[in-house]
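# What the coordinates show
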Amino acid sequence: MKKYIREGLPYYKRMLIIAVPIMIQNGVTNFVNMLDNIMVGQVGTAEMTGVSIVNQLFFVFNLCIFGALSGAGIFTAQFYGKKDTDGIRTTFQYKIISAIILTVIGVCVFVFAGEFLISAYIDKNASAEEAATVLGFAVSYLKIMLIQTLPFAIAQSYASSLRETNDRLIPMIATIAAVLVNLVLNYILIFGHFGFPAMGIEGAAIATVIARFAECFILVIRAHTKTTKYPFVKKLYTRFTFTPALIGKITVVTLPLLLNEGLWSGGMAFLNQCYSIRGLDVVAAINIVSTLNNVFNVSFIAFGSAIGIILSQTLGAGKKEEAKKASSRLVWFSVLVIVFVALLMMCFAPFFPRIYNTSDEIKTLATGLLFIIAAFMPVQALNNSCYFTLRSGGKTFITFLFDSGFMWCVSASLAFCLSRFTDMPIQQLYTCVLSMDIIKGILGYIFMKKGIWLNVVVNEN
């Protein structure tokens, strides 16, 4: 064990160097999102429920953008390990074009099917007046939030490329600046301070839109004014270095990831829809749970991203054996850290729901669900680490089966059957669905140990 730990120290250090800035960036983002959620929760339960439903829909859109960028990002990291500037520029251009196309598709879906999708989350047993109130708040929030889709997509294209080329500071600064803008504007616009009218959830949406533009401007201006540091940004929009072979190769890797993120996030939205059958109180409670859970999840998400970057760069440099040796050490280090994070989350569980201006029943329900999800957090950390390991070598079809295939064939199917055909209480239903992640973790670890992911995708010129 001592030898295992000693040999792993260089990997742990490198992992922390990459993960900590990502953790700070995502942590600040989710902490401010939590404060936003609390502010909206002070307005009323119906408003909070409407915003929660729309945010679940945007969660699907955001992860589709993430999936499209991640496929090209595997090439970016390996090109960086190979010191190929033209290759990095090509993958950057691919990201921007993909992000714009997906934004157009996403906006069309929200415009023409948004109300239908929102209605699916409103319990059919709710009164007509209650359902109409929640729907009205959700639609108002959605219309304004559509404006932030393009700056979000462009900002993610820049931020991911900078991170994959070992610059984690600027994306972190841009995100922190954006969330601070969002926080201040939320305080002003939601409640009506400094002479502004109290705009409620519409104020929250406007604040988010302005913050997204701020983040995008910071990243774009920084990248294009420091071309000596980021040579791949030179002639980014004037010199296209695409070759059919490379674009085809990136697309083959990207499509399974795009489908995976879309189907996985759609599966998560479907799970929440299954839970919503138990009533609007459950929707409100899960919104509270998700808010705190997102703050604590940044730890294993950051570790997973770091694992993907380290292993991709190592494979790009042609060091397969070193990548294999590093993988298991990085995965188990991630899980060990998350055990302590889960215990910390359990300490917050009894107190966090009390902040919200909602009923005692919802607060009690949220507390119970928080304990359940904290208990499964180390398992989710294992799954996330295995996912990024498998993805680092471009074996994206395997990650597709491992992630979204498992989601729909096992977790979503179980949630559908238990929610529709039994009277199982939400706590038991939630536990049964999360327990399936144990099976997923075992499968992921087996795939990782077999070394099927050890693949170099940038060998050819």
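Above this text sits the structure in question.
Figured I'd write up the structure that's included with this text.

Judged by side-chain charge, Glu129, Glu130, Asp281, Asp360 and Glu361 come together as a negatively charged surface patch. Among the secondary structure elements, those contributing two or more residues to the negative patch are α4 (128–145) and α11 (360–375). Topologically, Glu129 is positioned in helix α4.

What follows is about the side chain of Ser299. Within the secondary structure layout, Ser299 lies in helix α9 (residues 280–316). Setting aside residues up to four positions removed in sequence, Ser299 forms contacts with Met23, Ile338 and Val341.

Glancing now at helix α14 (residues 426–450). With 25 residues, α14 extends 38 Å from end C-alpha to end C-alpha; this agrees with the ideal 36 Å at 1.5 Å per step. Residues of α14 that are buried include every one of Ile426, Leu429, Tyr430, Val433, Leu434, Met436, Asp437, Lys440, Gly441, Gly444 and Met448, and no others. At its buried positions, α14 is contacted by α8 (244–276), α9, α10 (320–348), α11, α12 (377–392) and α13 (396–421). Residue Gly451 follows α14 closely and has a positive phi angle near 75°.

Under the defined criterion, the tally for this structure stands at 15 aromatic pairs. Between Phe92 and Tyr158 the ring centres are 4.8 Å apart and the planes differ by 75°, which places this aromatic pair in the edge-to-face class. Here Tyr158 lies in helix α5 (residues 149–164) and Phe92 lies in helix α3 (residues 85–119), a separation of 66 residues in the sequence. Looking at Tyr158, the relative accessible area reads 0%, which means it is buried. Taken together, a centroid distance of 6.1 Å and an interplanar angle of 75° make the contact between Phe303 and Phe333 edge-to-face. With Phe303 in helix α9 and Phe333 in helix α10, this residue pair connects regions lying 30 residues apart in the sequence. In this structure Phe303 comes out as buried when scored by relative accessible area, which is 2%. One aromatic cluster is present, formed by Phe58, Phe61, Phe110 and Phe152 through successive ring pairs. Across the ring face of Phe402, the terminal group of Lys440 is positioned such that the distance to the ring centre comes to 5.2 Å.

Take the nonpolar core next. Residues Ile118 and Tyr275 are the most contacted members of the largest nonpolar core, which totals 132 residues. The greatest single-element share of this core, amounting to 19 residues, is contributed by α9. Each residue touching Tyr275, except ones within four places of it in the same chain, is listed here: Val282, Ile286, Ile426, Leu429, Tyr430 and Val433.

Per the counting criterion, the structure on display carries four salt bridges. The salt bridge partner of Arg89 is Asp86, with a shortest N-O separation of 2.7 Å. On the criterion of helical spacing, the pair formed by Arg89 and Asp86 is a turn pair, its members being three residues apart in helix α3. Judged by its relative accessible area of 5%, Arg89 falls in the buried class. The partly exposed category is assigned to Asp86, whose relative accessible area is 35%. A salt bridge links Glu164 to Lys95; the nearest nitrogen and oxygen atoms lie 2.6 Å apart. Of the two residues, Glu164 sits in helix α5 while Lys95 sits in helix α3, which places them 69 residues apart along the sequence. For Glu164, a relative accessible area of 11% corresponds to the buried category.

Rules of the game
- Residues numbered from 1 in each chain as written.
- Predicted model: local features only at pLDDT ≥ 70, side-chain atom pairs only at ≥ 80, totals over all residues.
- Heavy atoms only, no water.
- Patch = residues over 30% accessible without salt bridge, like charges linked within 9 Å, V, L, I, M, F, W, Y side chains within 5 Å.
- Areas by Shrake-Rupley, 256 points an atom, 1.4 Å probe, with all protein chains shown as cover.
- Salt bridge = Lys/Arg side-chain N within 4 Å of Asp/Glu carboxyl O.
- Lys, Arg positive; Asp, Glu negative; His and termini not counted.
- Charge placed at Lys NZ, Arg CZ, Asp CG, Glu CD.
- Helix = DSSP H or I, 4+ residues; strand = E, 2+ residues; numbered from the N terminus.
- Contact = heavy atoms within 4.5 Å.
- Expected span 1.5 Å × (residues − 1).
- Buried < 20%, exposed > 50% of the residue type's maximum accessible area, 1.4 Å probe, protein only.
- Phe/Tyr/Trp six-rings, centres within 6.5 Å; stacked < 30°, edge-to-face > 60°.
- Lys NZ or Arg CZ within 6 Å of the ring centre and 35° of its normal.
- Core = buried A, V, L, I, M, F, W, Y, C linked by side-chain atoms within 4.5 Å.

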